[in-house]
Amino acid sequence: MDLAALRAQQLELASRIVREDQPITTTPSVIAGADVGFEQGGEVTRAAIVLLSYPSLELIEHQVARIATTMPYIPGFLSFREYPALLAAWDQLSQKPELLFVDGHGISHPRRLGVASHFGMLVDVPTIGVAKKRLCGKFEPLSDEPGALAPLMDKGEQLAWVWRSKQRCNPLFVSTGHRVSIDTALAWVQRCTKGYRLPEPTRWADAVASGRPAFRRWQEIPR
């Protein structure tokens, strides 16, 4: 594995990420959430993408793609491991969303190319990264109150908002993926969070990927 070549590719791709808003002409009617996991000891990459109607945030479509994992786990290079399955799930969607949430980092990455930025640029849709753990940077301790907020800083640059979405839960790291500013990313995540730690798009993507009870109940509803 030529890490120097991958690092150079990351830096080149990161330079093409659009960090400003390229506003959707109208309020989006369809928002997507994406989540990636691994099965069979990492041999299989599983990507789930859900479509939710907006503003109701009801699940309207879900697709899961399972493909052979194309590279080993290497810290800092996870997006290269995850995006092929995401593209496979994306290609199965009956319609494309106007806004995309990805469970993972956007520019809040040492070389500013987490999976939300990498995949967002490949599909060229406004994309937001919603990560559960810090990858780089520092932030001031948050209060325990829901809504507590602090900037994630690295080398004098703000990479994300650290936001406590729910009491007694660890905060989320909300960042620009592609074609969305950090402030707009936070506003959309807040708008789409309905009492759970995760915003609805990535919460549903996780539920579909993992076969959680909420998704099983949804499957049982006659349509």
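Residues numbered from 1 in each chain as written. Predicted model: local features only at pLDDT ≥ 70, side-chain atom pairs only at ≥ 80, totals over all residues. Heavy atoms only, no water.

1. What to know about the UniProt feature "site: Interaction with target DNA" (unreviewed entry) in the protein chain
According to UniProt, the positions carrying the feature "site: Interaction with target DNA" (unreviewed entry) are Y73. Secondary-structure assignment places Y73 in the loop between β3 (59–68) and α2 (78–92). Discounting residues that sit within four places of it in the chain, Y73 has contacts with L78 and R81. (UniProt positions renumbered as here; feature names shortened; annotations may be inferred. Helix = DSSP H or I, 4+ residues; strand = E, 2+ residues; numbered from the N terminus. Contact = heavy atoms within 4.5 Å.)

2. Some remarks on the sheet that holds strand β7 (residues 157–163)
Backbone hydrogen bonds hold the strands of a sheet together, and the pairing may be parallel or antiparallel. Spatially, the 8 strands line up as an open sheet ordered β3-β2-β1-β4-β5-β8-β7-β6, and their pairing is mixed. Of all strands in the sheet, those with a lone pairing partner are β3 and β6 (149–154), marking the two edges. Adjacent strand axes in the sheet meet at a mean angle of 25° when their direction is disregarded. By the bridge criterion, 5 bridges tie strand β5 (residues 127–131) to strand β8 (residues 172–178) in an arrangement that is antiparallel. Across the sheet, I128 pairs through a bridge with T176, a residue of β8. Across the sheet, α2 lies against β1 (30–39), β2 (44–53), β3 and β4 (99–103), angled at about 135° from β3, the strand it touches most. (Pairing = 2+ DSSP bridges. Axes fitted to C-alpha atoms, helices over the stretch in contact; angles between N-to-C directions.)

3. Some points on helix α1 (residues 3–14)
Over its 12 residues, α1 runs 16 Å from end to end, which matches the ideal 16 Å to within 8%, given 1.5 Å per residue. Turning to α1, its buried residues are L6, Q10, L13 and A14. Along the axis of α1, the buried positions cluster into a sector of 100°, meaning they face one direction only. Where α1 is buried, its residues meet α2 and α3 (115–123). Residue D2 occupies the N-cap position of α1, its side-chain oxygen lying 3.3 Å from the main-chain nitrogen of A4. (Expected span 1.5 Å × (residues − 1). Buried < 20%, exposed > 50% of the residue type's maximum accessible area, 1.4 Å probe, protein only. Arc of directions from axis to C-beta. Polar contact = N/O pair within 3.5 Å; in protein donor to acceptor, adjacent residues only side chain to side chain.)

4. Digging into the pairing of β5
Burial runs high along β5: 5 of the 5 residues are buried. Burial along β5 is two-sided: the residues T127, G129 and A131 and I128 and V130 are all buried. Examined bridge by bridge, β4 and β5 share 4 bridges and lie parallel to one another. Pairing of F101 across the sheet is with I128, part of β5. Once the chain exits β4 it traverses α3 before rejoining the sheet at β5, and the crossover so formed is right-handed. (Right-handed = clockwise from strand over helix to strand, strands pointing away.)

5. A word on the side chain of D154
Structurally, D154 can be placed in strand β6. You can call D154 buried: its relative accessible area is 16%. Among residues more than four places away in sequence, those in contact with D154 are R112, C136, G137 and L159.

6. A short note on the packing of α2 against α3
Packing of α2 against α3 brings their axes to within 10 Å, and their N-to-C directions diverge by 40°. Relative to α3, α2 is oriented oblique. Between α2 and α3 lies a crossing whose hand is right-handed. Every residue of α3 that contacts α2 at S79, F80, E82, Y83, L86, L87 and W90 is listed here: V115, H118, F119, L122 and V123. For the contact of α2 with α3, the class distribution of residues is 9 nonpolar, 2 polar and 1 charged. (Parallel < 35°, antiparallel > 145°, perpendicular 65-115°, else oblique. Left-handed = near helix turned anticlockwise from the far one by under 90°. Nonpolar A, V, L, I, M, F, W, Y, C, P; charged D, E, K, R; others polar.)

7. Observations regarding the nonpolar core
Core analysis: the largest hydrophobic core is formed by 35 residues, its most contacted members being F101, I128 and W188. Only α1, β2, β4, β5, β7, β8, α4 (182–191) and α5 (200–210) provide two or more residues apiece to this core. Counting 20 residues, the second-largest nonpolar core is a separate cluster that includes A34, A47, I49 and L100. (Core = buried A, V, L, I, M, F, W, Y, C linked by side-chain atoms within 4.5 Å.)

8. Thoughts on the pattern of salt bridges
When the charged atoms of two side chains with opposite charge come close together, those side chains can pair. Summed over all chains, the structure comprises 9 salt bridges. E39 serves as the salt-bridge partner of R46, at 3.0 Å between the closest nitrogen and oxygen. You can call E39 buried: its relative accessible area is 19%. Between R66 and E39 there is a salt bridge, and its shortest N-O distance comes to 3.1 Å. Of this pair, R66 sits in strand β3 while E39 sits in strand β1; the two residues are 27 residues apart in sequence, bridging distant segments of the chain. Salt bridges here are not isolated pairs; linked through shared partners, they connect R19, R112, D154 and E157. (Salt bridge = Lys/Arg side-chain N within 4 Å of Asp/Glu carboxyl O.)

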